[in-house]
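# Observations on the three-dimensional arrangement
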Amino acid sequence: MKVLLVFYSQLLEESDLIQKVSEKVNLLKKLIGPDSLYATITTEMKDFLDKFPDLVFIRNDRGTFIYGLYKGLRKLRGNDVLVIDPSQVINLEKLREIIAKKRKNVLHVFDGRWKGLALFRLIDLDYYIRALESFLSEEGDMREVMDRVKVDYGIEYESL
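In what follows, the accompanying structure is described. The shown structure was predicted, so the numbers you read here are calculated from the model rather than taken from an experiment.

## A closer look at unusual backbone geometry
- Unlike most non-glycine residues, Asp111 shows phi in positive territory, near 55 degrees.
- Topologically, Asp111 is positioned in the loop between β5 (106-110) and β6 (113-120).

## Some details on the sheet that holds strand β4 (residues 81-84)
- Read from one edge of the open sheet, seven strands run β3-β2-β1-β4-β6-β5-β7, paired in mixed fashion. Each edge of the open sheet carries a strand with a single partner, namely β3 (56-59) and β7 (158-159).
- For β5 and β6, the ladder comprises four bridges, and the chain directions are antiparallel. Across the sheet, the residue bridging to Val109 is Trp114, located in β6.

## Here we look at the packing of aromatic side chains
- The final tally for this structure, using the stated rule, is seven aromatic pairs.
- On the numbers, 5.1 Å between centres and 85 degrees between planes, the contact of Phe7 with Phe48 is edge-to-face. Highlighted residues: Phe7 in the loop between β1 (2-6) and α1 (17-31) and Phe48 in helix α2 (residues 48-51), separated in sequence by 41 residues.
- Each ring, one from Phe65 and one from Trp114, has its centre 5.3 Å from the other, and the planes form 55 degrees; the classification is tilted. Of this pair, Phe65 sits in helix α3 (residues 65-75) while Trp114 is found in strand β6, placing the two residues 49 residues apart along the sequence. For the pair shown, Phe65 and Trp114 are each scored as buried.
- Within the aromatic cluster, the residues linked to one another by ring pairs are Phe7, Phe48 and Phe52.

Thresholds applied
Residues numbered from 1 in each chain as written. Predicted model: local features only at pLDDT ≥ 70, side-chain atom pairs only at ≥ 80, totals over all residues. Heavy atoms only, no water. Helix = DSSP H or I, 4+ residues; strand = E, 2+ residues; numbered from the N terminus. Pairing = 2+ DSSP bridges. Phe/Tyr/Trp six-rings, centres within 6.5 Å; stacked < 30°, edge-to-face > 60°. Buried < 20%, exposed > 50% of the residue type's maximum accessible area, 1.4 Å probe, protein only.

Right under this line is the structure:
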């Protein structure tokens, strides 16, 4: 399993972003391992290269979440991928619960909204990448992507 942290331009407005990311990276290094951590970053986030040397970086040229997710998933083909939105608060128990569901596509949802964690199975990853291609010209959210794959390809996901 690989972990993909998706950074996008709106995150630059957060004052404590570096601290949040640092906590998440340290937690993920312990839980999953340092060799499995990837991040898509915008050109404005070049200072992250020095601050987080454990991450493997992928360019997010457009600066949107959907494009960063698309680029990251394409790069990580051949693996199960745990996607994390760094702006969201991550509950350790929920993270462990999602990781334990390796055989399913999982979306962490609360009150009908995506809460920053998703797990994509290797076998279904190409379908999610194809669905993301239709969202590149518009900005959707993760739930819309998951629903599109469910409707178009019949691939189920579990909401936690």
